[in-house]
Amino acid sequence: MTHLLLTATVTPSEQNSSRKSGWETAMAKDILGEAGLHFDELNKLRVLDPEVTQQTIELKEECKDFVDKIGQFQKIVGGLIELVDQLAKEAENEKMKAIGARNLLKSIAKQREAQQQQLQALIAEKKMQLERYRVEYEALCKVEAEQNEFIDQFIFQK
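What you see is a predicted model, and the numbers here were worked out from it, not measured in a lab.

1. Structural notes on the overall build of the protein chain
A tally of helices and strands in the protein chain yields 3 helices and 2 strands. Across the 158 residues of the protein chain, 2% fall into the buried class. A separation threshold of at least 6 residues defines the contact pool for the protein chain, and within that pool the share at least 24 residues apart is 49%.

Pasting the structure below:
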């Protein structure tokens, strides 16, 4: 927004030489005010009313403060978003580690089950072998007993 600023400075000697009565000055100010021209506290001629000028300056300062606060807010929010993104990545990494650990445990359990089945098969095989050896032992003991009896009979016959 652009404002037209007209200034006219009245020096003190001009003020003294061109002094008018208070009524004439007020009337001149009213006429100029109706035309949209105003005098400020330094007796400079202005297009804007001094109150409007002051409000404009205050609004400009408030806008600057608001923009500064918005900038700070954006920095804070940006930092928060970065932090949340970092935490999300860390959570995802931990989730992947947990899934990996769970899969490893399942794999170990399956390996143990397979190993247990192999050991049970080996035990069954060894039991069968033991039973064969026991039967063979009994057969050999019987053969030995028969041979000892034969030897005893042979020795007694002589």
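Now that the structure has been shown, the text picks up again.
2. Points about the pattern of salt bridges
Tallying each qualifying case throughout the model produces 4 salt bridges. Between Arg-134 and Glu-131 there is a salt bridge, and its shortest N-O distance comes to 2.3 Å. Of this pair, Arg-134 and Glu-131 both sit in helix H3 (residues 50-157), 3 residues apart, which is roughly one turn of that helix. One salt-bridge network, in which partners are shared between bridges, spans Glu-131, Arg-134 and Glu-138.

3. Examining a nonpolar patch on the surface
A contiguous nonpolar surface patch, about 360 Å² in accessible area, is contributed by Leu-80, Leu-83, Val-84 and Leu-87. With respect to the helices, strands and loops of the structure, Leu-80 is situated in helix H3.

4. Quick notes on the confidence of the model for the protein chain
The predicted model of the protein chain averages 84 in pLDDT, with 73% of residues at 70 or higher. Considering each helix and strand of the protein chain separately, the mean pLDDT is smallest for helix H1 (residues 12-17), with a value of 47, and largest for H3, with 95. Across residues 1-10, where pLDDT falls below 50, the model places 19 contacts with residues more than four positions away in sequence or in other chains.

5. A closer look at a negative patch on the surface
The grouping of Glu-58, Glu-61, Glu-62 and Asp-65 at the surface amounts to a negative patch. Take Glu-62: it is sitting in helix H3. Residue class for Glu-62 comes out exposed when judged on its relative accessible area of 51%.

Cut-offs applied
- Residues numbered from 1 in each chain as written.
- Predicted model: local features only at pLDDT ≥ 70, side-chain atom pairs only at ≥ 80, totals over all residues.
- Heavy atoms only, no water.
- Helix = DSSP H or I, 4+ residues; strand = E, 2+ residues; numbered from the N terminus.
- Buried < 20%, exposed > 50% of the residue type's maximum accessible area, 1.4 Å probe, protein only.
- Contact = heavy atoms within 4.5 Å.
- Salt bridge = Lys/Arg side-chain N within 4 Å of Asp/Glu carboxyl O.
- Patch = residues over 30% accessible without salt bridge, like charges linked within 9 Å, V, L, I, M, F, W, Y side chains within 5 Å.
- Areas by Shrake-Rupley, 256 points an atom, 1.4 Å probe, with all protein chains shown as cover.
- pLDDT = per-residue confidence, 0-100.
- Lys, Arg positive; Asp, Glu negative; His and termini not counted.
- Charge placed at Lys NZ, Arg CZ, Asp CG, Glu CD.

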